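Listed here are the chains, written in short residue letters.
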Amino acid sequence: MIGSSRQLVLEQRARPPLWARVGLPFASVGVAALIGALFLRVSGYDPASAYSTMIDSAFGGRFAIGETLVEAAPLVLTGLSVAIAFNLLLFNVGAEGQLYVGAIGAAGVALVLGNHVPGPVVVTLVILGGALGGALFALLAAIPRAYLGTSEIVVTLMLNFVALNILNYLIFSSASIFRDPVVRLFPTGRAIPEAARFPLLTGRVNIGILLAAFVAVVIWLLLGWTRWGFEVRIVGDSAAAALYAGVNLKRKIIEAFLVSGAMAGLAGAVIVAGRLGSLEPRAIVSNYGYLGILVAALARLNALACVPVAIFIAAMRTAGPSMQRAGVPDSIVLMLQGAVLIFAVIGEFWLRYRVRVAQRHPAALVRGERAT
Amino acid sequence: VNDSVVITLVVSGIAFGTPLLLAGVGEILAERSGVLNLGVEGLMLVGAVSGFWMTQQTGGALFGIVGGIAVGALMGLFFAAAAITLRVNQVVLGLAFWIFGIGLSSYIGEIGASPLAGTRARATLRPVFGGGLSDLPIVGPVIFGHDVIVYISWFLVAAASFYLFRTRAGLVLRAVGDDPASSDAMGVQVNLMRYVHVVVGAAGAGVAGAYVSVALIPAWVEQLTAGLGWIAIALVVVSGWRPWRALVGAYVFGAISRLGFVLQVGGVKLPAELLGVMPYLFAIVALVLVSMSRRGRGSEGPVHLGQPYVREELA
């Protein structure tokens, strides 16, 4: 009796079809929304009204759309930060901490130079200060990773807590230049000079989102159309092949970390000079870096796709406070975001494999004794 | 003697090291099978809030502990299905479970008319040995001053170590993590082994969380575990995937995280942030030192850690 039984077989797809690649993010959002509705229902809330409140407060009217765009700018950048590193199979989960240090760098430049240098120049320097802060902080994880093989996942995560404590120290436990000299109820960040703030486009929307979109195009060109990006992608596909092709692996790791950290630091600058106007820990510590992982995963590591995905995630975030007002705990938003990420990575499975019912192969064929 | 700074530090190091140890030993078992579960912090949070809920419902702290185990194992089963059967990228999956766990635990803590968040536990764990034994100098507080979970954790460390290095099943487990293809050829059910150890490991994270919310603190607030799960993951690497070393490491981390509190009682004032950053700095330095000592020989961990096993099939 040869090969009469049937079984489920996983077949690897050579290249996922376009509809699957575009449809995956939407499908994962849909499934997460269903799970969320179940949780809401079980805990005694009305899912339909909760979701319609969410959509209303994120896209209902000019103000809501403006808020969403302001929130989206740092998320585009942290998404890019994660996407660059993950392209190289470097799991930089330190965008959160690199963002804090970028925010400190940007605020420092703004406070020191803001009143002495003309506007456009100081804004440029603030942006560079943020990028430099993030890049240097990323270097702390990059060097042990490149030269000693230390796990970048654990080190970058530990560094997030280090950066968090530095940020809190500057405002809450020291009389640094970042802190407002007038302490009212709680210490707050010192306002940066008007000249150092990002110009406004309309309403409260600043140039941050344009800057982020521009950077996304640059990174997309860099990854897809330059020798550097090509080498990065080879390393991601196979480190052995890259070595064989003469790519300097250690150097690529350091460079990718620097660019990745710079993106996260830039996000910090966008938050400080665009949105807040001061180094304000309570508003900066808000998961922007961690959500970058979600943005990059939903964008499937494509730099251009980070822009619309970040706008979508930002819309979910701006909906949080209004959920709270409607009586639903706003932590449902973070839960939904986690669920979206879970289903997005699970969806990758359906992109890579096809499930098929097949005849079981006779043992002889498995051993390679195929009749010719 | 028992009130001296050193003894206080050792005792609180053991108490605060216990959740690290429970989560760490669980993660060692999962990683030894070749599966990297980075969701420990998320599992701990969900275990903590469910255990706390159970305690509030039943009035018994041990029910809370059991609740934490059960919920951790259930989440571990979902993780295993995605990581092992669906061959999902384990790094991203773990991070996703973490974010989901933060959101879910905060949400559970906030629902209803009288939410759990900000309340104290109705019951907590008491020291096993009262009176005479725990008043002995030095050994009293250090050995006899703990609740039942601490003693169970010592037993678990011994059991896990014996299992990993002295039994045939443990040998098979290590083989599955190091070389799943050969193990498969030898007739080992690779994916079954992985499922079992991921679920057991996740139960360890769940009970670690419940220990925090019903014994250590004992209360529930959002993000109660505050990064302990990540320290536990660092602990696994630093321990070289060995339970006894994890015990030592957990207590050292526990003591460092309590250093500020103990010093403050002793009259030394340092900024909260400097003390808060200590365990993380210590973890980074330890990780770098470990990889320096192994320079050129790669990681000490399971060879196939984080890689799904796919049997090569003829199409």
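All values derive from a computational prediction rather than experimental measurement.

## Considerations on the overall build of chain A
Part 1 of the reasoning: Scanning chain A from N- to C-terminus turns up 15 helices and four strands.
Part 2 of the reasoning: Each principal axis of the C-alpha atoms in chain A carries an extent, and together these give about 85 × 60 × 35 Å.
Part 3 of the reasoning: The buried share of chain A, reckoned over its 372 residues, is 55%.
Part 4 of the reasoning: With an accessible surface of roughly 16400 Å², chain A has 67% of that area assigned to carbon and sulfur atoms.
Part 5 of the reasoning: Between the mean site of the 28 positive side-chain charges and the mean site of the 16 negative ones, chain A shows a separation of 7 Å.

## Focus: the environment of A:Cys306
Residue and element names in this part refer to chain A.
Part 1 of the reasoning: By the element assignment, Cys-306 lies in helix α13 (residues 306-325).
Part 2 of the reasoning: Through-space distance from the C-alpha of Cys-306 to that of Asn-248 is 28 Å; in sequence the pair is 58 residues apart.
Part 3 of the reasoning: Residues contacting Cys-306, with those up to four places away along its chain left out, are Val-76, Gly-79, Leu-80, Val-295 and Ala-299.

## Describing helix α8 (residues 227-237) of chain A
Residues lying three or four places apart along an α-helix face the same way, a consequence of the helix completing one turn every 3.6 residues.
Part 1 of the reasoning: Burial in α8(A) covers these residues: A:Trp228, A:Gly229, A:Glu231, A:Val232, A:Ile234, A:Val235 and A:Gly236.
Part 2 of the reasoning: On its buried face, α8(A) is in contact with α3 (62-87), α7 (208-225), α9 (239-244) and α10 (249-276) of chain A.

## What about the nonpolar core?
All names here are of chain A.
Part 1 of the reasoning: In this structure, Leu-80 and Leu-279 are the most contacted members of the largest nonpolar core, which totals 220 residues.
Part 2 of the reasoning: With 14 residues, the single largest contributor to this core is α10.
Part 3 of the reasoning: Aside from chain neighbours lying at most four places away, what touches Leu-279 is Ala-103, Ile-104, Ala-107, Leu-167, Leu-170, Ile-171, Phe-178, Gly-189, Arg-190, Val-272 and Ile-284.

## Structural notes on the confidence of the model for chain B
Residues and elements named next belong to chain B.
Part 1 of the reasoning: For chain B, per-residue confidence averages 91 on the pLDDT scale, and residues scoring 70 or more make up 97% of the total.
Part 2 of the reasoning: Within chain B, the lowest mean pLDDT, 77, falls on helix α5 (residues 132-135), and the highest, 97, falls on helix α10 (residues 190-216).
Part 3 of the reasoning: Quick note on the complex model: pTM equals 0.92, ipTM equals 0.91.

## A closer look at the pattern of salt bridges
A side chain with one charge may pair with a side chain of the opposite charge, provided their charged atoms come close.
Residues and elements named next belong to chain A.
Part 1 of the reasoning: Evaluation of the coordinates by the stated rule reveals twelve salt bridges over all chains.
Part 2 of the reasoning: One salt bridge connects Glu-71 with Arg-275, and the closest N-O pair in it is separated by 2.8 Å. Of the two residues, Glu-71 sits in helix α3 while Arg-275 sits in helix α10, which places them 204 residues apart along the sequence.
Part 3 of the reasoning: A relative accessible area of 26% places Arg-275 in the partly exposed class.
Part 4 of the reasoning: Notably, a salt bridge pairs Arg-300 with Glu-348, separated by 2.7 Å at the nearest N-O pair. Taken as a pair, Arg-300 in the loop between α12 (288-298) and α13 and Glu-348 in helix α14 (residues 331-352) lie far apart in primary sequence, 48 residues in all.
Part 5 of the reasoning: Three or more residues joined by partner-sharing salt bridges are found here, namely Glu-67, Glu-71, Arg-204, Arg-275 and Arg-317.

## Quick notes on the packing of aromatic side chains
Part 1 of the reasoning: Applying the stated criterion across every chain yields a total of twelve aromatic pairs over all chains.
Part 2 of the reasoning: Consider the rings of A:Tyr290 and B:Trp98, whose centres lie 4.6 Å apart with planes at 85 degrees: the pair is edge-to-face. Of this pair, A:Tyr290 sits in helix α12 while B:Trp98 sits in helix α4 (residues 90-110), which puts the two residues in different chains.
Part 3 of the reasoning: For A:Tyr290, a relative accessible area of 10% gives the class buried.
Part 4 of the reasoning: Three or more aromatic residues joined by ring pairs make a cluster, and in this case those are B:Phe129, B:Phe144, B:Tyr151 and B:Trp154.
Part 5 of the reasoning: When the ring centre of B:Phe261 is taken as reference, the NZ or CZ atom of B:Arg258 above it lies at 4.4 Å.

## Here's the deal with unusual backbone geometry
Part 1 of the reasoning: With a phi close to 65 degrees, A:Asn287 is a non-glycine residue in the positive phi region.
Part 2 of the reasoning: Locating A:Asn287 in the fold gives a position in the loop between α11 (281-284) and α12.
Part 3 of the reasoning: With a relative accessible area of 24%, A:Asn287 lands in the partly exposed category.
Part 4 of the reasoning: Here the phi dihedral of B:Ala226 falls at roughly 45 degrees; this positive angle occurs in a residue that is not glycine.
Part 5 of the reasoning: As for its position among the elements, B:Ala226 is in the loop between β2 (219-220) and α11 (228-238).
Part 6 of the reasoning: The exposure class assigned to B:Ala226 is partly exposed, which follows from its relative accessible area of 49%.

## Notes on the confidence of the model for chain A
All names here are of chain A.
Part 1 of the reasoning: Taken over all residues, the pLDDT of chain A has a mean of 88, while the share at 70 or more is 94%.
Part 2 of the reasoning: Within chain A, no element has a lower average pLDDT than helix α15 (residues 363-366), which sits at 47, and none a higher one than helix α4 (residues 95-113), at 96.
Part 3 of the reasoning: Per-residue pLDDT stays below 50 along residues 364-372; that stretch engages in seven contacts with residues further than four places along the chain or on separate chains.

Calculation criteria
Residues numbered from 1 in each chain as written. Chains lettered and ligands numbered in written order. Predicted model: local features only at pLDDT ≥ 70, side-chain atom pairs only at ≥ 80, totals over all residues. Heavy atoms only, no water. Helix = DSSP H or I, 4+ residues; strand = E, 2+ residues; numbered from the N terminus. Buried < 20%, exposed > 50% of the residue type's maximum accessible area, 1.4 Å probe, protein only. Areas by Shrake-Rupley, 256 points an atom, 1.4 Å probe, with all protein chains shown as cover. Lys, Arg positive; Asp, Glu negative; His and termini not counted. Charge placed at Lys NZ, Arg CZ, Asp CG, Glu CD. Contact = heavy atoms within 4.5 Å. Core = buried A, V, L, I, M, F, W, Y, C linked by side-chain atoms within 4.5 Å. pLDDT = per-residue confidence, 0-100. Salt bridge = Lys/Arg side-chain N within 4 Å of Asp/Glu carboxyl O. Phe/Tyr/Trp six-rings, centres within 6.5 Å; stacked < 30°, edge-to-face > 60°. Lys NZ or Arg CZ within 6 Å of the ring centre and 35° of its normal.

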